[in-house]
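Residue-level listing of the chains:
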Amino acid sequence: MGGYVHIAARGVGRLSQLIAGCAGITVTVLGLLNTHRSDFIAPPERLTPAPAVALVPAGLALLFQVAPLTTGLAGRLRAGTATVSALTAAALGATMLDRHPAAALATLLSGLAITCLDLRIPRRAGATPVRVADPLLIAAATIALVALIPRLFADGPATARVMPLHLAGGLLILTAGAILARPEAGPPPALDRSGPRAAVRRLVPALIAAPLIAVLVSTFAVRTGLSRPAAAVSTGAILAALGLLGLLAFLVRTLDLADRRHRRLAAELRDSQDFADTVLQSMNEAVMVLDANYRVIDVNRRWRELTGQPADVREPPPLPPPGSSGGDWLLPRADGTAVPVLATMAAIPDAAGAPRGYVATCVDIADRKEAEEALSEHAAELERGNADLAAALAFKNDLTSMLTHDVAQPISSIASLAELLSADWTDLPDDIRLELAQKIDKNTRRLVKMMNDLQLLFRLDTGAVTARRVPVPLLEVVRTAVDGQGQVEISIDEELSALADRGHLAVVVENLLKNATTHGSQPIKVGATLQPDGTVLLWVQDSGAGIPDDVLPDLFGRFIKGAGLGLFIVRHLVEANGGSVRYEHAVPRGARLLVTLEAAPR
């Protein structure tokens, strides 16, 4: 609704200026039509401009005043031309005061009014400035109306000397056009229903009616014979002046009452503003108030403390969209850091529901974030501890399963053989006693090997195994490990060496060979080659059925049922020496385990 009222007011203003322009043209034409050549051919000592001559520059001045506003040189030239024309009309009126006092005074006032059309006298803060041209225009119109009284009574030169009809009409048209040239824009505010503007609007009809009443009184006096025309004109002018003085006194009193009321309202407004500012500054939340264009209007004390920004900041930081809760948000600080906050952005609607501003609220949640991070870290530690406990439990279960299966078997065999040997020693022949003793020795060695593997396993699990890498000849280590393993084909260059811990490498080769002889078939092949990337590839291959695919994912795990700890130890020892181990199917059949180590310089 406010937009439509503004558009309507702007349309009325353009129409008023158009009418004012037409009034200026009319006054100019009246002045030209009533100016004669004879007015300028009198002797110099008697040369006085005719009253109609002043209408021409006055009408042109009004026309230039309502011309479309421009900027730059054209605008200054238009304003200067209007001022010069208006001052010319006022000067012409001043030169006619001795021969045509009423016409000259009205013309002088009209010229000065058009000159001061845009001049306003400032009043106190918040009050509407007073336009200087208004009293001058009212005075000129009053003189023109009062001077028309003789025209109502008789015709003739005597009456024409008071003020010619064309001049009085032109001055009235000029006055109306000057008033319409600068109309008030927009409707009056609601507070002005009982303020000075309302008083002025109520007095305008009285101000217009006072001269008219004076005219009617003078006319009545002349027509009834109560007074002569000159006395009637004087009486009407005096009555009009007294009426205007009374109206002005009433206006002054009304303005004084309105001023007191406005002062009281201003004091109440200041108190309300101070209270709102106190509430804003005392809030524990950081608050920023923005206008409809996202320019900062005000921030409270907590906002300045939280962001380190000054109070006169004008550009807001990144904020959530209006009408929604931004949730967790990072608010930038003046030192380049950011503080976590709980941010919200709310719109402030006007009477039509459109946003006239916004309020951003931020709550510091840094302590809550630190507590959440500490809680998350503690939860992660608990999860890691649970994972370690689960791994330890799995290790215990696997170790128990291995001990009950792999360790119990040789112990049971040793116990049975020892009992048989002890009970039937005298009845057994020497070769049987030797065979039983060899089996006991084999199971004992197997059990010792298993205990050594378990000890190494515990050391690997705790990270206590370290590698002392030195150049180690591969052929020498493989030959030592192959001794007593049956038929093994070796294809290794005598000069080929690897950087590794000699003891670790010996355990790796022994476990690979044991795995091949236990789970594979003869012949078993062992080889090593130097790779182009500077590494040594050591491989052990058997001719058995190979390892099933379902076992491959856990081939190098800690415990594989029936496989012992050999390949798990191989993987850890190889990795401790900076290498890797993998499996691939041999061609045409069999299992092939490959170990990659760094080659020793020759």
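Shown above is the structure to which this text applies.
Residues numbered from 1 in each chain as written. Predicted model: local features only at pLDDT ≥ 70, side-chain atom pairs only at ≥ 80, totals over all residues. Heavy atoms only, no water.

Each helix and strand counted, the chain has 15 helices and 14 strands in total. Scored against the burial criterion, the 602 residues of the chain give a buried share of 37%. Relative to all contacts within the chain whose residues are 6 or more apart in sequence, the contacts with residues 24 or more apart total 61%. When the accessible area of the chain is evaluated, it comes to approximately 34500 Å², of which 61% is carbon and sulfur surface. (Helix = DSSP H or I, 4+ residues; strand = E, 2+ residues; numbered from the N terminus. Buried < 20%, exposed > 50% of the residue type's maximum accessible area, 1.4 Å probe, protein only. Contact = heavy atoms within 4.5 Å. Areas by Shrake-Rupley, 256 points an atom, 1.4 Å probe, with all protein chains shown as cover.)

With that out of the way, let us pick up the environment of L456. Locating L456 in the fold gives a position in helix α12 (residues 430–461). L456 sits in the buried class, given a relative accessible area of 15%. With 113 residues separating them along the chain, L456 and I569 place their C-alpha atoms 7.8 Å apart. In contact with L456, other than residues within four places in its own chain, are V465, V507, I569 and L573.

Attention shifts here to the packing of aromatic side chains. This model, assessed by the stated rule, comprises one aromatic pair. With a centroid separation of 4.9 Å and 25° between ring planes, the pair formed by Y294 and Y358 is classed as stacked. On the criterion of sequence distance, the pair formed by Y294 in the loop between β3 (286–291) and β4 (296–299) and Y358 in strand β7 (residues 355–364) is long-range, its members being 64 residues apart. Of the residues examined, Y294 reaches a relative accessible area of 33% and is grouped as partly exposed. Relative accessible area serves as the criterion here: at 9%, Y358 is assigned to the buried category. Note that R433 overlies the ring of W425, its terminal NZ or CZ placed 4.6 Å from the centroid. For the cation-ring pair, R592 lies above W539, with the distance from its terminal atom to the ring centre recorded as 4.3 Å. (Phe/Tyr/Trp six-rings, centres within 6.5 Å; stacked < 30°, edge-to-face > 60°. Lys NZ or Arg CZ within 6 Å of the ring centre and 35° of its normal.)

Attention now moves to the sheet that holds strand β12 (residues 535–541). The five strands lie next to each other as β9-β11-β12-β14-β13, forming an open sheet whose pairing is mixed. What marks the edges here is a single partner per strand, and that holds for β9 (488–491) and β13 (580–585). The mean angle between the axes of side-by-side strands here comes to 15°, regardless of whether they run parallel or antiparallel. The sheet contact formed by β13 and strand β14 (residues 591–598) spans six bridges and is antiparallel. Paired with R582 across the two strands is L594, which belongs to β14. The strands that helix α14 (residues 502–519) touches are β11 (524–530), β12 and β14; relative to β14, the one it contacts most, it runs at about 170°. (Pairing = 2+ DSSP bridges. Axes fitted to C-alpha atoms, helices over the stretch in contact; angles between N-to-C directions.)

Further remarks concern the environment of T337. Assignment of secondary structure puts T337 in the loop between β5 (324–332) and β6 (338–349). Take T337: its relative accessible area is 41%, and that puts it in the partly exposed class. Remark: the alpha-carbon pair of T337 and T307, spanning 30 residues in sequence, is separated by 9.2 Å. Sequence-distant contacts of T337, that is, excluding residues within four places in its chain, are made with L331 and P332. One polar contact links T337 to D335, side chain to side chain, over a distance of 2.7 Å. (Polar contact = N/O pair within 3.5 Å; in protein donor to acceptor, adjacent residues only side chain to side chain.)

Residues spaced three or four apart along an α-helix point in a common direction, a consequence of the helix completing one turn every 3.6 residues. The end-to-end C-alpha separation of helix α4 (residues 101–115) is 21 Å, in line with the 21 Å expected for 15 residues at 1.5 Å each. Along α4, the residues that are buried comprise A103, A104, A106, T107, L108, L109, S110, G111, A113 and I114. (Expected span 1.5 Å × (residues − 1).)

A word on empty space enclosed by the protein. Taken as a whole and assessed by the stated rule, the structure comprises two cavities of 30 Å³ or more. Here the largest cavity is characterised by a volume of approximately 50 Å³. Elements with a contribution of two residues or more to the lining of the largest cavity: α14, α15 (566–576) and β14. Top contributing element to the lining of the largest cavity by residue count: α14, with three residues. Its residues placed into classes, the lining of the largest cavity shows seven nonpolar, two polar and no charged. Along the walls of the second largest cavity sit L512, N515, A516, V540, Q541, D542, A591 and L593, which together make up its complete lining. When contributions to the lining of the second largest cavity are tallied by element, the ones reaching two or more residues are α14, β12 and β14. A per-element tally of the lining of the second largest cavity places α14 first, with three residues. Taken together, the residues that form the lining of the second largest cavity break down as five nonpolar, two polar and one charged. (1 Å grid on protein atoms, 1.4 Å probe; cavity = no way out; pocket = protein on both sides within 12 Å on 5 of 7 lines; lining within 4 Å. Points joined across faces, edges and corners; volume = space filled by probe spheres on them. Nonpolar A, V, L, I, M, F, W, Y, C, P; charged D, E, K, R; others polar.)

Taken together, the side chains of D367, E370, E373, E377 and E381 define an acidic patch exposed on the protein surface. Residue position: D367 is located in helix α11 (residues 366–423). (Patch = residues over 30% accessible without salt bridge, like charges linked within 9 Å, V, L, I, M, F, W, Y side chains within 5 Å. Salt bridge = Lys/Arg side-chain N within 4 Å of Asp/Glu carboxyl O. Lys, Arg positive; Asp, Glu negative; His and termini not counted. Charge placed at Lys NZ, Arg CZ, Asp CG, Glu CD.)

This part is about the pairing of β4. Across a regular strand the side chains alternate sides, sitting on one face of the sheet and then on the other. Taken together, the three bridges between β3 and β4 define a ladder with antiparallel strand orientation. Bridged to L290 within β4 is V296.

A few words on the packing of helix α2 (residues 55–65) against helix α7 (residues 165–181). Each pair of packed helices can be described by the angle between their axes along with the distance between the axes. As a packed pair, α2 and α7 sit with axes 10 Å apart at the nearest point and diverge in direction by 15°. Relative to α7, α2 is oriented roughly parallel. The handedness of the crossing between α2 and α7 comes out as left-handed. Within the contact between the two elements, α2 uses L55, A58, G59 and L62 and α7 uses H166, L167, G170, L171, L174, G177, A178 and A181. For the contact of α2 with α7, the per-class residue count stands at eight nonpolar, four polar and no charged. (Parallel < 35°, antiparallel > 145°, perpendicular 65-115°, else oblique. Left-handed = near helix turned anticlockwise from the far one by under 90°.)

As a further point, take the pattern of salt bridges. Side-chain pairing between opposite charges can occur once the charged atoms of the two side chains come close. All told, the structure shown has 16 salt bridges when counted by the stated rule. Residue D291 is joined to R295 by a salt bridge in which the shortest nitrogen-to-oxygen separation is 3.3 Å. Using a relative accessible area of 16% as the deciding quantity, one classes D291 as buried. E598 serves as the salt-bridge partner of R469, at 3.2 Å between the closest nitrogen and oxygen. Pair noted here: R469 is in the loop between α12 and β8 (470–473) and E598 is in strand β14, with a separation of 129 residues, a long-range link.

Here helix α5 (residues 133–147) crosses α7 at 155°, and the two axes come no closer than 9 Å. One element, α5, and the other, α7, form an angle in the roughly antiparallel class. You can see that α5 and α7 cross each other, and the crossing is left-handed. Every residue of α7 that contacts α5 at L137, A140, A141, A144 and L145 is listed here: A168, L171, L172, T175, A178 and I179. Split by residue class, the contact of α5 with α7 holds 10 nonpolar, one polar and no charged.

Looking now at helix α3 (residues 72–95). Between the first and last C-alpha of α3 there are 35 Å, a value that for 24 residues agrees with the 34 Å anticipated at 1.5 Å per step. Those residues of α3 that fall on the buried side of the exposure criterion are G75, R78, A82, S85, A86, A89, A90, L92 and G93. Those residues of α3 that are buried are in contact with α2 and α4.

Any functional reading would require information beyond the geometric quantities listed.
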